[in-house]
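Working through the structure, step by step
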Amino acid sequence: MAAEPLVLIETHGAVRKLTLNRPASLNSFTSAMHRELRAALDAAADDASVRCLVITGAGRGFCAGQDLNDPEVGTNVGQVVERIYKPLALRIASMPVPVIAMVNGVAAGAGANFALGCDLVIAARSASFIQAFSKIGLIPDCGGTWLLPRLVGRAKAIGLAMTGDKLSAEGAERMGLIWSVVDDAALQDQTMALAARLAAMPVKALAATRRTIDESIMTDYASALSLEARVQNDMGAQPDFREGVAAFLDKRAAKFSDR
Ligand code: T3D
């Protein structure tokens, strides 16, 4: 009998949905699940019909970070981060389409930062976020040390990372860590509706928006303004820009196709 996939892949129109599928271990990452996830992300990036990606977890958790039973754990932690978590964070940050984390339950350790690295994080009211690393003598990885201070400022970043305390979805929204929190029963519908809306937008420009905002964080104001001009020059040369303007002038809905 074939083993159950560790990442479930569904396509809903132009939206690709990936579901981490190890519910008994709160979808914690094993090497095998990493491999399937990476292949699914690469396939979505390479498929021109995919215009938005939604990532979620099966069962009651989103992802509890590294599977602490995995035999690779403890052998060479730094190498695992370099070889697996760094490429995963960079893969998400370079996806050619918007990426939504649909956080259905607890997101802990690298699972929390994997979610926070997505473009929009929508959490169920019962979900929570835990920088669990400090509890086992590690520091936040999968982008945590970069993302946290940028999302919530140094004081809250250090508080979350040092205490490893559980932060409710509502607390995360209040703090500016995530985009929104919705009732558990509405999570699927609201996330998929937003994903469909983004998929109908000029996604090439949305991916360029993410890239330019991320770069601006590391540059001074004048350099950020120059970067805006360069990226805008590129976007202004795309068919989506011509289509957007033409649709506006014709008073019709635009049909975007660039990626
Ligand atoms: O090589 C490297 O390690 C470097 C990379 C590091 C990246 C990291 O992510 S380090 C951080 C790893 N994650 C954690 O430390 C989180 C560990 N989990 C927890 O603290 C708790 O499970 C939660 C707070 C997330 C949820 O608590 P709760 O009470 O809702 O559920 P539970 O009962 O603890 O967990 C349910 C099951 O999932 C349980 O299995 P069982 O007893 O029913 O058979 C539990 O062992 C399993 N589980 C949860 N998290 C993990 C896990 N199994 C393996 N690894 C996990 N991370």
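Here the structure is shown first, and the text comes after it.
Counting restarts for each chain: residues are numbered from 1 in the order of the written sequence. For this predicted model, a pLDDT threshold of at least 70 governs which residues receive local features, and a threshold of 80 or more governs which side-chain atom pairs are given and counted, while totals over whole chains, interfaces and linings are taken from all residues. Values reported for side chains reflect all heavy atoms of the structure, with hydrogen atoms and water molecules removed beforehand.

**Focus on a nonpolar patch on the surface**
Our working rule: Note that patches include only residues with greater than 30% relative accessible area and no salt bridge, and the join distances are 9 Å for like charges and 5 Å for nonpolar side chains (Val, Leu, Ile, Met, Phe, Trp, Tyr). Accessible areas in this description were obtained via Shrake-Rupley with a 1.4 Å probe; residue shielding takes into account the shown protein chains only. Should a side-chain nitrogen of Lys or Arg be within 4 Å of a carboxyl oxygen of Asp or Glu, the pair is scored as a salt bridge. By the criteria applied, helices consist of DSSP H or I runs no shorter than four residues and strands consist of E runs no shorter than two, each listed in order from the N terminus. With a 1.4 Å probe rolled over the protein chains alone, any residue whose accessible area is under 20% of its type maximum counts as buried; one over 50% counts as exposed, and the rest are partly exposed.
On the surface, a nonpolar cluster with roughly 340 Å² of combined accessible area is contributed by Leu-68, Val-77, Ile-136 and Leu-138. Summarising the element assignment, Val-77 is placed in helix α2 (residues 77-93). With relative accessibility at 35%, the residue Val-77 sits in the partly exposed group.

**Details of the sheet that holds strand β9 (residues 166-168)**
Here is the rule: Each pair of strands is called paired provided DSSP finds at least two bridges between the two strands. Orientation is described by lines fitted to C-alpha atoms, with helices fitted over the stretch in contact, and by angles between N-to-C directions that extend from 0 to 180 degrees.
The mixed open sheet is built from four strands, whose spatial order is β4-β6-β8-β9. Every interior strand has two partners, whereas the edge strands, β4 (61-63) and β9, have only one. On average, each strand axis in the sheet is inclined to that of its neighbour by 20 degrees, with strand direction left out of account.

**So, the site of the ligand**
The cut-off we apply is this: Proximity criterion: a residue is near a molecule or strand once any of its heavy atoms comes within 4 Å of it. Polar contacts here mean pairs of N or O atoms no more than 3.5 Å apart (in protein, one a potential hydrogen donor and the other a potential acceptor; neighbouring residues in sequence count only if both atoms are side-chain atoms).
Near the ligand, the surroundings consist of 24 residues, among which Arg-60, Ala-64, Gln-66, Leu-68 and Ala-110 are the closest. At a separation of 3.4 Å, an oxygen atom of the ligand approaches a polar backbone atom of Ala-24. Leu-68 is positioned with one of its backbone polar atoms (N or O) 2.8 Å from a nitrogen atom of the ligand. Relative to its unbound accessible area of 1000 Å², the ligand is 65% covered by the protein chains. If you list the elements that add at least two residues to the shell around the ligand, you get α2 and β6 (106-108).

**Digging into the packing of aromatic side chains**
What counts here: Any pair of Phe, Tyr and Trp rings, taking the six-membered ring for Trp, is counted once the centres come within 6.5 Å. Such a pair is stacked with planes under 30 degrees apart, edge-to-face with planes over 60 apart, and tilted for the rest.
As enumerated under the stated definition, the model contains three aromatic pairs in all. Residues Phe-29 and Phe-114 carry aromatic rings whose centres are separated by 5.7 Å and whose planes lie at 75 degrees to one another, so their mutual orientation is edge-to-face. Highlighted residues: Phe-29 in the loop between β2 (15-20) and α1 (31-46) and Phe-114 in helix α3 (residues 110-116), separated in sequence by 85 residues. Since its relative accessible area comes to 2%, Phe-114 is described here as buried. Between Phe-62 and Phe-114, the ring centres sit 6.2 Å apart and the planes meet at 25 degrees, which makes this aromatic pair stacked. Here Phe-62, found in strand β4, pairs with Phe-114, found in helix α3; they are 52 residues apart in sequence, far enough to count as distant.

**Description of unusual backbone geometry**
In this structure, Leu-26 is a non-glycine residue whose phi angle is positive, near 50 degrees. Of note, Leu-26 is situated in the loop between β2 and α1. The backbone of Lys-251 sits at a positive phi, close to 55 degrees, despite the residue not being glycine. Secondary-structure assignment places Lys-251 in the segment after α10 (239-250). The exposed category is assigned to Lys-251, whose relative accessible area is 78%.

**Topic: the sheet that holds strand β3 (residues 52-57)**
The strands that make up a sheet pair up through hydrogen bonds in the backbone, lying either parallel or antiparallel. To keep it simple, the criterion reads: Working rule for contacts: check all heavy atoms of both residues, and any pair within 4.5 Å makes them a contact.
Strand order in this open sheet of six strands is β1-β2-β3-β5-β7-β10, and the pairing throughout is mixed. One side of each edge strand has no neighbouring strand; the edge strands of this open sheet are β1 (7-12) and β10 (180-182). Pairs of neighbouring strands in the sheet enclose a mean axial angle of 20 degrees, with direction left out of account. Relative to β3, β2 runs parallel, the two being bridged by six bridges. Pairing of Leu-18 across the sheet is with Ile-55, part of β3. Where α1 meets the sheet, it contacts β1, β2 and β3, and its direction lies at approximately 175 degrees from that of β2. Helix α7 (residues 187-199) contacts β1, β2, β3, β5 (99-103), β7 (120-124) and β10 of the sheet and is inclined by roughly 180 degrees relative to β5.

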